Amino acid sequence: MDAPAAPAAEHDLHDLARALPHVELVHGPSGNPIYQVGRKSFVYFRTPRPDAFDPVTGERYDDVVILRVDGEDAKQALVQDPATPFFTTPHFDGYDAVLVRLSRLAELTRLELAELVEDAWLSRASARRARVYLDSGHRITD
């Protein structure tokens, strides 16, 4: 019998993003972490904003992370499935990214999160960097 898959945690998000090549960690104006490849953000810890809030209390979420995706189809596949913790807001219409709250990250396994972070990186890396990474055979999802 296989052991259950480990749930994802915030530290996994940081570890996975840092494990990819050519990644730079920068900080936003509020000190929020932003992971970039070639100066393009692929994982972005967002500050509380008026478009992401608790529908009951109206309180702004303070634990939202933006993950880039490879196009509208990938985005819709994640946000339209009610079984996933992903969502979007009208502010992100036309923007290839999904949102997830850190408080819901454990609904994913570490492997599922690794695939999402890797896909986010691939969507923002240069074609050359992506090709070299994929050809290397060393993947963070292994």
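Refer to the structure above for everything that follows.
Residues numbered from 1 in each chain as written. Predicted model: local features only at pLDDT ≥ 70, side-chain atom pairs only at ≥ 80, totals over all residues. Heavy atoms only, no water.

### A closer look at the overall build of the protein
Logical step 1: From N to C terminus, the protein includes 4 helices and 6 strands.
Logical step 2: Each helix and strand of the protein, placed in order from N terminus to C terminus, yields the pattern α-β-β-β-β-α-β-β-α-α.
Logical step 3: Relative to the compact-globule value of 14 Å for 142 residues, the protein shows a C-alpha radius of gyration of 15 Å, a close match.
Logical step 4: By its C-alpha atoms, the protein is 50 × 45 × 30 Å across when sized along the principal axes.
Logical step 5: Put simply, of all contacts in the protein between residues at least 6 apart along the chain, 50% involve residues at least 24 apart.
Logical step 6: Roughly 8100 Å² of accessible area belongs to the protein as shown, and the carbon and sulfur atoms make up 50% of that amount.
Logical step 7: When the 16 positive and 23 negative side-chain charges of the protein are each reduced to one mean point, those points stand 9 Å apart. (Helix = DSSP H or I, 4+ residues; strand = E, 2+ residues; numbered from the N terminus. Rg over C-alpha atoms; globule rule 2.2 N^0.38 Å. Contact = heavy atoms within 4.5 Å. Areas by Shrake-Rupley, 256 points an atom, 1.4 Å probe, with all protein chains shown as cover. Lys, Arg positive; Asp, Glu negative; His and termini not counted. Charge placed at Lys NZ, Arg CZ, Asp CG, Glu CD.)

### Examining the pairing of strand β3 (residues 40–45)
Logical step 1: Bridging between strand β2 (residues 33–37) and β3 involves 4 bridges; their strand directions are antiparallel. Among the inter-strand pairings, Val 37 is bridged to a residue of β3, identified as Lys 40.
Logical step 2: Adjacent in sequence and paired antiparallel, β2 and β3 are bridged by 2 residues, among which Gly 38 carries a positive phi angle near 60°.
Logical step 3: When β3 meets strand β4 (residues 64–68), the two strands line up antiparallel, connected through 3 bridges. When the sheet's bridge partners are listed, Tyr 44 is paired in β4 with Ile 66. (Pairing = 2+ DSSP bridges.)

### Focus: the nonpolar core
Logical step 1: Counting 29 residues, the largest nonpolar core has Leu 13, Phe 42, Val 43, Leu 67, Phe 86, Leu 113 and Val 117 as its most contacted members.
Logical step 2: Of all elements in the fold, only α1 (10–19), β2, β3, β4, α2 (72–79), β6 (97–101) and α3 (110–124) reach the threshold of two or more residues within this core.
Logical step 3: The dominant element in this core, judged by the number of residues it contributes, is α3, at 6 residues.
Logical step 4: Leave out the neighbours within four places in its chain, and Val 43 touches Leu 13, Pro 33, Ile 34, Tyr 35, Val 65, Ile 66, Leu 67 and Val 117. (Core = buried A, V, L, I, M, F, W, Y, C linked by side-chain atoms within 4.5 Å. Buried < 20%, exposed > 50% of the residue type's maximum accessible area, 1.4 Å probe, protein only.)

### Considerations on the environment of Ala 52
Logical step 1: As for its placement among the helices and strands, Ala 52 is situated in the loop between β3 and β4.
Logical step 2: Look at Ala 52 and you get buried, because its relative accessible area is 2%.
Logical step 3: Spatially, the C-alpha atom of Ala 52 lies 21 Å from that of Ala 120, the residues being 68 residues apart in sequence.
Logical step 4: Beyond its immediate chain neighbours, meaning those up to four positions away, Ala 52 contacts Arg 46, Arg 60, Tyr 61, Val 64, Phe 87 and Thr 89.

### As for a negative patch on the surface
Logical step 1: On the surface, Asp 70, Glu 112, Glu 115 and Asp 119 cluster together into a negatively charged patch.
Logical step 2: Take Glu 115: it is sitting in helix α3.
Logical step 3: Judged by relative accessible area, which is 39%, Glu 115 ranks as partly exposed. (Patch = residues over 30% accessible without salt bridge, like charges linked within 9 Å, V, L, I, M, F, W, Y side chains within 5 Å. Salt bridge = Lys/Arg side-chain N within 4 Å of Asp/Glu carboxyl O.)

### Considerations on the pattern of salt bridges
Logical step 1: Inspection of the entire model under this criterion finds 6 salt bridges.
Logical step 2: Its salt-bridge partner being Asp 15, residue Arg 18 comes within 2.8 Å of it at the nearest N-O pair. Placement of both Arg 18 and Asp 15 in helix α1 is noted, with a separation of 3 residues, approximately one turn of the helix.
Logical step 3: Assessed through its relative accessible area of 47%, Arg 18 is described here as partly exposed.
Logical step 4: Among the salt bridges present, the one from Arg 46 reaches Asp 51, with a minimum N-O distance of 2.7 Å.

### Considering the packing of aromatic side chains
Logical step 1: The full count for this structure, using the stated rule, is 3 aromatic pairs.
Logical step 2: With a centroid separation of 5.4 Å and 55° between ring planes, the pair formed by Phe 92 and Tyr 95 is classed as tilted.
Logical step 3: Take Phe 92: its relative accessible area is 5%, and that puts it in the buried class.
Logical step 4: The aromatic ring of Tyr 95 is capped on one face by Arg 68, whose charged end is 4.4 Å from the ring centroid. (Phe/Tyr/Trp six-rings, centres within 6.5 Å; stacked < 30°, edge-to-face > 60°. Lys NZ or Arg CZ within 6 Å of the ring centre and 35° of its normal.)

### Side note on the packing of α3 against helix α4 (residues 127–136)
Logical step 1: Close contact between α3 and α4 brings their axes to 8 Å; oriented N to C, the two are set at 140°. With respect to each other, α3 and α4 are oriented oblique. In this structure, α3 uses Glu 118, Trp 121 and Leu 122 to contact α4, whose residues at the interface are Arg 129, Ala 130, Tyr 133 and Leu 134. (Axes fitted to C-alpha atoms, helices over the stretch in contact; angles between N-to-C directions. Parallel < 35°, antiparallel > 145°, perpendicular 65-115°, else oblique.)

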